[in-house]
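# Descriptive analysis of the structure
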Amino acid sequence: MKKQFPKLKNKAILSPMAGVTDVAFRALCKKYGAALTCTEFLNSTAINRKNKRTLEMLKKDKSEKPSQIQLFGSNEDEVVKAAQLVSKKFDIIDINCGCPAWKVIKTGAGSELLKNPKQIASLIKKLNNSVKNPITIKIRKGINDKTTNAIEVARLAEKSGASALAIHGRTQKQGYSGKADWEIIKKVKQSIKIPVIGNGDVFTPEDFKEKLDFSEVDYILIARGAMTNPYIFKQINDYMKTGKYKHKNKIDQFFEYLTLTKKHKTEFQIIKRHAINFTKGMKGSARLRDKLVKIKDLKELSKEMKDFKQNEI
Ligand SMILES: Cc1cc2nc3c(=O)[nH]c(=O)nc-3n(C[C@H](O)[C@H](O)[C@H](O)COP(=O)(O)O)c2cc1C
C-alpha cells in the first residue's frame, strides 16, 4: 500500500537547518504554528556508528507530531540502516538531495545525488521496503542552469514511492545566491500527484501568499525567514486567515526559546547562536552582537538581551 504523507493543519513548514533547528528551536516554531518540523540533516554513517553528538540530535519534542528526521549519505546500505534505527522514533524520513556544501557533495551525498536520479530512485525503493515510514526527499532545481532536472527527479521519485517532495528553487551551483526559481517549483507541482513542498526566499507572510498562489504547491518550507523570526509561522497563519498579522519583539521570542532550552538541556553555544540570529535586523543590534560573540555564560547572555530590550523601549 502506498504510504501517505500526513495532511498537515497549516501550510508553512520549518525547513531543516544545520546548526539552527535544534529541538528547542523546533519546539518554539511548533508553538508558533509550524505545520511540521524536521531535524537538521544527520549523517547516516554517524547514526550507525552511534556517534554521541549525532545521537544527541535525535532528540524530539512532544509537540512534534508528526515528527520528521532528515538523513544524508551516498551509501544506500548506510542510509537504509540509519533509517531502520530511527524509524520508530520519527514519523517521516526525509532524504537530503539538496545540500550544496563541498564537504557533503564530495562524498556523493546531498545535491550531488541529483547527478544520478536512478540512484535516488533506488534508494527510495529500498527505504520503502525496509521501513514503514513515509519517505520524502528534498531536492534542488538541478546541478546548474544547463542541467535542470528537477522534473525528471520528481517523476522518478514519485514512481519509486516517495510520499512527498520538497524543492528549493536554486541549483547546486547557485548555493544561496540569486533568486529561488518558483517557475520550476510550479512546473514540478504540475508534473506529479504526491504533495509538493516549495522552498526559497519566503521572508514575510506576503512572500508566502504570493508564492503559494503562484505555484499552487501543497506546502512551503521556510528556513532563513524562521531563523531570525520564528514567529513568522504565527504571522503567516494569521495572514492567511485574516489578511492581517502582528509582530512579536525578537528579544521576547528569544526568552521563549530560552525556556524551551531548559527542558531540552540545550548547550550554551547553540543558545548563543540563536541570540545572535534573533537580533539580526533589530535597530542598533550590531553593537549588541559584538558583545554577544564574546560572552561565555548564560547569565551574562540573558542580562545583555534584557538590557538591550529595556534600552529599546
Ligand atoms: C544555516 C542553514 C543550514 C541549512 N541546513 C540544511 C539542512 O541541514 N538540510 C537541508 O535540507 N537544508 C538545509 N538548509 C537549506 C534550507 O533548508 C533551505 O532549503 C534554504 O535555506 C532555502 O530556504 P529559505 O530561502 O527559506 O532560506 C540550510 C540553510 C541554512 C541557511
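Note that the structure is a prediction, hence the values are computed from the model and not measured. (Residues numbered from 1 in each chain as written. Predicted model: local features only at pLDDT ≥ 70, side-chain atom pairs only at ≥ 80, totals over all residues. Heavy atoms only, no water.)

### Focus: the overall build of the protein chain
Assigned secondary structure in the protein chain consists of 15 helices and eight strands. At 19 Å, the protein chain has a C-alpha radius of gyration in line with the 20 Å of a compact globule built from 313 residues. Residues counted as buried form 57% of the 313 residues belonging to the protein chain. Once local pairs closer than 6 in sequence are excluded, the contacts in the protein chain between residues at least 24 apart make up 67%. Counting every atom, the protein chain has about 15200 Å² of accessible surface; 52% of that belongs to carbon and sulfur. With 64 positive and 33 negative side-chain charges, the protein chain shows a spacing of 3 Å between the two charge centroids. (Helix = DSSP H or I, 4+ residues; strand = E, 2+ residues; numbered from the N terminus. Rg over C-alpha atoms; globule rule 2.2 N^0.38 Å. Buried < 20%, exposed > 50% of the residue type's maximum accessible area, 1.4 Å probe, protein only. Contact = heavy atoms within 4.5 Å. Areas by Shrake-Rupley, 256 points an atom, 1.4 Å probe, with all protein chains shown as cover. Lys, Arg positive; Asp, Glu negative; His and termini not counted. Charge placed at Lys NZ, Arg CZ, Asp CG, Glu CD.)

### Some thoughts on the nonpolar core
Judged by nonpolar contacts, the single largest core of 82 residues is most densely connected at I95, I137, L165, I222 and F233. Ranked by residue count, the leading element in this core is helix α13 (residues 268-279), at six residues. When residues are assigned to domains, this core turns out to be shared by domain 1 (12-242) and domain 2 (250-312), each giving three or more. Ignoring any residue separated from it by four or fewer positions in sequence, one finds I95 in contact with L71, V79, L123, L127, I135, T136, I137 and K138. Of all hydrophobic cores here, the second largest spans eleven residues; its members include F5, L8, A164 and A166. (Core = buried A, V, L, I, M, F, W, Y, C linked by side-chain atoms within 4.5 Å. Domains from an automatic or database assignment.)

### Structural notes on the pairing of strand β2 (residues 37-43)
Most of β2 is tucked away, with six of its seven residues classed as buried. Note: β2 against strand β3 (residues 67-72), five bridges, orientation parallel. In the sheet register, N43 faces β3, and the bridge partner there is F72. (Pairing = 2+ DSSP bridges.)

### Notes on the domain arrangement of the protein chain
When cut into domains, the protein chain gives domain 1 (12-242) and domain 2 (250-312). Using only C-alpha atoms to locate each centre, domain 1 and domain 2 end up separated by 28 Å. Of the residues lining the interface, 19 residues belong to domain 1; the matching set on domain 2 comes to 16 residues. Contact between domain 1 and domain 2 buries roughly 1500 Å² in total, counting both sides, with carbon and sulfur atoms accounting for 53%. When the area that domain 1 buries against domain 2 is broken down by residue, the three leading residues are A24, L28 and T228, summing to 29%. At the boundary of domain 1 with domain 2, the tally comes to three salt bridges. Here E256 ties to K31 by a salt bridge, and the two come within 2.9 Å at their closest N and O atoms. At the boundary of domain 1 with domain 2, the tally comes to twelve residue pairs in polar contact (both at pLDDT 80 or more). (Buried area = accessible area lost by both parts, 1.4 Å probe. Salt bridge = Lys/Arg side-chain N within 4 Å of Asp/Glu carboxyl O. Polar contact = N/O pair within 3.5 Å; in protein donor to acceptor, adjacent residues only side chain to side chain.)

### Digging into the packing of helix α12 (residues 250-264) against α13
Contact geometry of α12 with α13 gives a least axis separation of 9 Å together with a crossing angle of 160 degrees. With respect to each other, α12 and α13 are oriented roughly antiparallel. Crossing angle aside, the handedness with which α12 passes α13 is right-handed. Of the residues in α13, those touching α12 at K250, I251, Q253, F254, Y257, L258 and T261 are I270, I271, H274, A275, F278 and T279. Its residues placed into classes, the contact of α12 with α13 shows eight nonpolar, four polar and one charged. (Axes fitted to C-alpha atoms, helices over the stretch in contact; angles between N-to-C directions. Parallel < 35°, antiparallel > 145°, perpendicular 65-115°, else oblique. Left-handed = near helix turned anticlockwise from the far one by under 90°. Nonpolar A, V, L, I, M, F, W, Y, C, P; charged D, E, K, R; others polar.)

### A look at the pattern of salt bridges
Following the criterion strictly, the structure yields 19 salt bridges and no others. For D145, the salt bridge is made with K141, and the minimal N-O distance between the two is 3.5 Å. For D145, a relative accessible area of 59% puts it in the exposed group. For K141, a relative accessible area of 11% gives the class buried. We note a salt bridge from D181 to K141, for which the minimum N-O separation is 3.1 Å. Residue D181 is found in the loop between β6 (164-171) and α8 (182-191), and its partner K141 is found in strand β5 (residues 135-142); the two are separated by 40 residues along the sequence. What you see here is one network of salt bridges that share partners, running through K31, K248 and E256.

### Brief notes about a positive patch on the surface
Taken together, K60, K62, K65 and K89 make up a surface patch of like positive charges. Take K62: its relative accessible area is 74%, and that puts it in the exposed class. (Patch = residues over 30% accessible without salt bridge, like charges linked within 9 Å, V, L, I, M, F, W, Y side chains within 5 Å.)

### Focus on the packing of aromatic side chains
Aromatic rings in a pair are described by how distant their centres are and how their planes are angled relative to each other. A complete count under the given rule lists ten aromatic pairs for this structure. With a centroid separation of 6.4 Å and 45 degrees between ring planes, the pair formed by F254 and Y257 is classed as tilted. Of this pair, F254 and Y257 both sit in helix α12, three residues apart, which is roughly one turn of the helix. For the pair F254 and Y257, one class covers both residues: buried. A cation sits over an aromatic face here: K11 above Y219, 5.4 Å from the ring centre. Its guanidinium or amino end placed over the ring of F90, K60 lies 5.8 Å from that ring's centre, counting from NZ or CZ. (Phe/Tyr/Trp six-rings, centres within 6.5 Å; stacked < 30°, edge-to-face > 60°. Lys NZ or Arg CZ within 6 Å of the ring centre and 35° of its normal.)

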